[in-house]
Amino acid sequence: MSTQKKVSLKVATMDDSEFVYSIMTSKEYKQYFPLNLIATNLEDQKRKLRHLIAQMQNGNGAYFIILFGKEKVGILDLYKIDRKNKRAAIGYGLDKNYWGKGIATTALKKALLYAKEKEKIHALSAYVHPKNTASQKVLKKSGFKKVGTLKDYDFENGKYKDQALYWKIL
Ligand SMILES: CC(C)(COP(=O)(O)OP(=O)(O)OC[C@H]1O[C@@H](n2cnc3c(N)ncnc32)[C@H](O)[C@@H]1OP(=O)(O)O)[C@@H](O)C(=O)NCCC(=O)NCCS
């Protein structure tokens, strides 16, 4: 079966806590994420996920597990949903064992359709670590344009860190 057909998005539930915790705390994954998004232990992960699921139920976000066939391989979310201006931000990531197969690009394609058709979103932003070449490639392949670099966007461990901002009109 092609990657296109094998990749799907399922709405996250609390049963996904351990999976989300295991991928987000892997060394390769968390290097590019702001520390406040990474859970400190499984209980903290459950708290974070409960909050994200509640936000989704209130129409303020969407949190998906990326499936490859029946396997859970990644996460993808819409956040910062602004209904008045019809815009949102998108984030995603995969278990490193599944990198390099086109899965993120395919998952993003499905999420763009969902955002446009189900959530009526007009514009999407993505914030990326400037050295995260793979993610920037995924965004460019999906029609996002780099707006610029947000200098000193995050303040972590006593240091400011930049983020690249990408934008796409759906
Ligand atoms: C970013 C990420 C989601 C990409 O997932 P993926 O399924 O491997 O992405 P794809 O296979 O769809 O595309 C990746 C592209 O980047 C390229 N790539 C990967 N690593 C690269 C690197 N270090 N330098 C240059 N290009 C690279 C791949 O060759 C591929 O390009 P191609 O289609 O022209 O061959 C994955 O690496 C990941 O989960 N990283 C950790 C979490 C993360 O960074 N999330 C994004 C936060 S904004």
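Bear in mind that the values here come from a model prediction, so they are computed numbers and not experimental data.

Visitor: I tried to follow the environment of K101 on my own but got confused; where do I start?
Guide: With respect to the helices and strands, the residue K101 is situated in the loop between β4 (87-94) and α5 (103-117). Judged by the 15 C-beta atoms lying within 10 Å of it, K101 falls in the partly exposed class.

Visitor: Can you help me understand the site of the ligand in this one?
Guide: The immediate surroundings of the ligand are formed by 20 residues, with G93, A104, T105, A134 and K137 found nearest. Those elements that place two or more of their residues in the shell around the ligand are β4, α5 and α6 (133-141). By residue number, the principal contributor to the shell around the ligand is α6, which donates five residues. Looking at the shell around the ligand, its residues break down into 10 nonpolar, eight polar and two charged.

Visitor: Mind showing me how you'd approach the pairing of strand β7 (residues 159-169) here?
Guide: Each regular strand shows side chains that alternate between the opposite faces of the sheet. Inspection of the sheet shows strand β5 (residues 123-128) paired to β7 by six bridges, in the antiparallel sense. Bridging from a neighbouring strand, A126 pairs with Y166 of β7. Pairing analysis gives eight bridges linking strand β6 (residues 145-156) to β7, with the strands arranged antiparallel. The partner of E156 across the bridge, within β7, is K159. Hairpin remark: β6 followed by β7, antiparallel, with two residues in the connecting loop; positive phi at N157, about 50°.

Visitor: Where do I start with the pairing of β4 in this structure?
Guide: Examined bridge by bridge, strand β3 (residues 71-82) and β4 share seven bridges and lie antiparallel to one another. Bridge pairing links Y79 to A89 in β4. Taking the residues that link successive antiparallel strands as the turn, the β3-β4 hairpin has four residues, and the phi of K86 there is positive, at about 55°. Both β4 and β5 contribute to a ladder of three bridges, which runs parallel. Pairing of A88 across the sheet is with L124, part of β5. In this fold, β4 hands off to α5, which returns the chain to β5; that crossover is right-handed.

Parameters at a glance
Residues numbered from 1 in each chain as written. Predicted model: local features only at pLDDT ≥ 70, side-chain atom pairs only at ≥ 80, totals over all residues. Helix = DSSP H or I, 4+ residues; strand = E, 2+ residues; numbered from the N terminus. Buried ≥ 20, exposed ≤ 12 C-beta atoms within 10 Å, placed from the backbone. Near = placed C-beta within 6 Å. Nonpolar A, V, L, I, M, F, W, Y, C, P; charged D, E, K, R; others polar. Pairing = 2+ DSSP bridges. Right-handed = clockwise from strand over helix to strand, strands pointing away.

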